[in-house]
Amino acid sequence: MQIYQREFTLRAPKRGFHLVTDAVVRELPELSGISMGTLHLFIRHTSASLTINENCDSSVRGDMERYFTDTVDSHNSTFIHTYEGDDDMPAHIKSSLLGASLTIPVTDGRLALGTWQGIYLGEHRDRPGGRSIVATIMGV
Amino acid sequence: MQIYQREFTLRAPKRGFHLVTDAVVRELPELSGISMGTLHLFIRHTSASLTINENCDSSVRGDMERYFTDTVDSHNSTFIHTYEGDDDMPAHIKSSLLGASLTIPVTDGRLALGTWQGIYLGEHRDRPGGRSIVATIMGV
Amino acid sequence: MQIYQREFTLRAPKRGFHLVTDAVVRELPELSGISMGTLHLFIRHTSASLTINENCDSSVRGDMERYFTDTVDSHNSTFIHTYEGDDDMPAHIKSSLLGASLTIPVTDGRLALGTWQGIYLGEHRDRPGGRSIVATIMGV
């Protein structure tokens, strides 16, 4: 068994969901040497998320952003944790709903994603900063 | 450390949540040789999901399906990505809310699930097809 | 590669979200010997959850509890699975929304959490009991 761990930064151009599959793979040259294993990705922040969804039509990312804004930000009047801005507590909730990490199988040196699957970075703050990602690869 | 990876297909009889613990275990004879480790399951689709929930009363699966239909499909009028049908964009959102993968501990050759836990396949399209699952077992 | 697996119990003082990072680390002395790897945590129950969120301001935990009560328990009149009480079916849904497990990278003998990240136990029943957790550490 081999194991590799790397930390790198992703930066979303604005609030919303962004396809980052290629950006992630570019950071991980070790993937190509793994014939069978897993990639674990972990975002070290509580107002952003990682999820897997449709990789082709950008309207899916737009609809996701609209859905989560409609259902979560609409509860703002009930929140007490508001001193970091109206986007902060909704961002925390989205991070827990969508998750801070992903595990993806690796097969024959590549992510074993389905044809229509891509990795999304969910950026839930209005003013995005760099997002630190820890990647751990295990396999043979 | 040992590692095994297999791909197999699950097929839900209809839209909704379906208990697939036994179907999954049947595909993975290698589990019985693992005294300590993990099983990672990954569904290679963006309109279905894998989650863990109550394994006994089928009304839980019905209530889950009702809840996610009520809360997600009700936003259909706000979606732009609609050309694959009314069930498509809600299916993508459910897939991200519930998740495309699961990691379950393996102990003494068996999944270390709690007494009341089972693996659910969430089929979120009205007309289900076969769903490809990649299983990765690591352990000793 | 090394692998360790342990089972231990967490007990929330009441329904809601509780910061358990220190309680988890205390149960896992093996973490300090791992220079690079992952910790997988799995809760063996269907009415509780594990998630990662803000570790500093307790009002985040309060707002999370309010949000999930407002959005999930409000559907109680539509549920069929009600014989275990009004908190039961909402607890199952929260468990699937938030997840029954977490994988966290381990680096230099410590959890590689971000500065503001902590492990939350989500206790979704009104009368909490002990919650069994299976922890699996893999790494070098």
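Residues numbered from 1 in each chain as written. Chains lettered and ligands numbered in written order. Predicted model: local features only at pLDDT ≥ 70, side-chain atom pairs only at ≥ 80, totals over all residues. Heavy atoms only, no water.

Next up on the list: the environment of Gly122 of chain B. Residue and element names in this part refer to chain B. With respect to the helices and strands, the residue Gly122 is situated in strand β7 (residues 117-123). Since its relative accessible area comes to 0%, Gly122 is described here as buried. Once the C-alpha coordinates of Gly122 and Ser58 are considered, the two residues, 64 residues apart in sequence, prove to be 14 Å apart. Once residues within four sequence positions are removed from consideration, Gly122 is found in contact with Gly16, Phe17, Ala48 and Ser49. (Helix = DSSP H or I, 4+ residues; strand = E, 2+ residues; numbered from the N terminus. Buried < 20%, exposed > 50% of the residue type's maximum accessible area, 1.4 Å probe, protein only. Contact = heavy atoms within 4.5 Å.)

Turning to the relation of the copies chain A and chain B, a few remarks are in order. Two copies of a chain can be linked by a rotation about an axis combined with a shift along that same axis. With an RMSD of 0.0 Å, the fit of chain A onto chain B corresponds to turning through 120° and sliding 0.0 Å along the axis. Taken together, the rotation and translation describe the operation of a three-fold axis. Minimal C-alpha distance to the rotation axis in chain A is attained by Leu97 of chain A, lying at 3.4 Å. A low fraction, 12%, of the interface residues of chain A reappear at the interface in chain B, so the copies pair through non-equivalent surfaces. (Least-squares fit on C-alpha atoms with pLDDT ≥ 70 in both.)

Residues and elements named next belong to chain C. Here we have 3 strands laid out as an open sheet, ordered β2-β7-β4, and antiparallel in their pairing. Sheet topology places β2 (16-19) and β4 (48-54) at the edges, where each strand pairs with a single neighbour. Pairwise comparison of adjacent strand axes, ignoring direction, gives a mean angle of 35° for this sheet. Alignment of β2 against strand β7 (residues 117-123), held across 4 bridges, turns out to be antiparallel. Its bridge partner being in β7, Phe17 is matched across the sheet by Gly122. The strands that helix α2 (residues 58-72) touches are β2, β4 and β7; relative to β2, the one it contacts most, it runs at about 150°. (Pairing = 2+ DSSP bridges. Axes fitted to C-alpha atoms, helices over the stretch in contact; angles between N-to-C directions.)

Moving on: unusual backbone geometry. All names here are of chain A. Unusually for a residue other than glycine, Asp108 sits at a positive phi of about 50°. One can find Asp108 in the loop between β5 (101-107) and β6 (110-111). Residue classification places Asp108 among the exposed residues on the basis of a relative accessible area of 63%.

A pair of packed helices is characterised by two quantities: the angle between their axes and the separation of those axes. Helix α3 (residues 88-98) of chain C packs onto helix α2 (residues 58-72) of chain B with a crossing angle of 70° between their chain directions and a minimal axis gap of 10 Å. Comparing their axes, α3 of chain C and α2 of chain B come out roughly perpendicular. Every pair of crossing elements has a handedness; the one defined by α2 of chain B and α3 of chain C is right-handed. From α2 of chain B, Val60, Asp63, Met64, Tyr67 and Phe68 of chain B reach across to α3 of chain C, where they touch Met89, His92, Ile93, Ser96 and Leu97 of chain C. (Parallel < 35°, antiparallel > 145°, perpendicular 65-115°, else oblique. Left-handed = near helix turned anticlockwise from the far one by under 90°.)

Read these as spatial facts, not as claims about activity.
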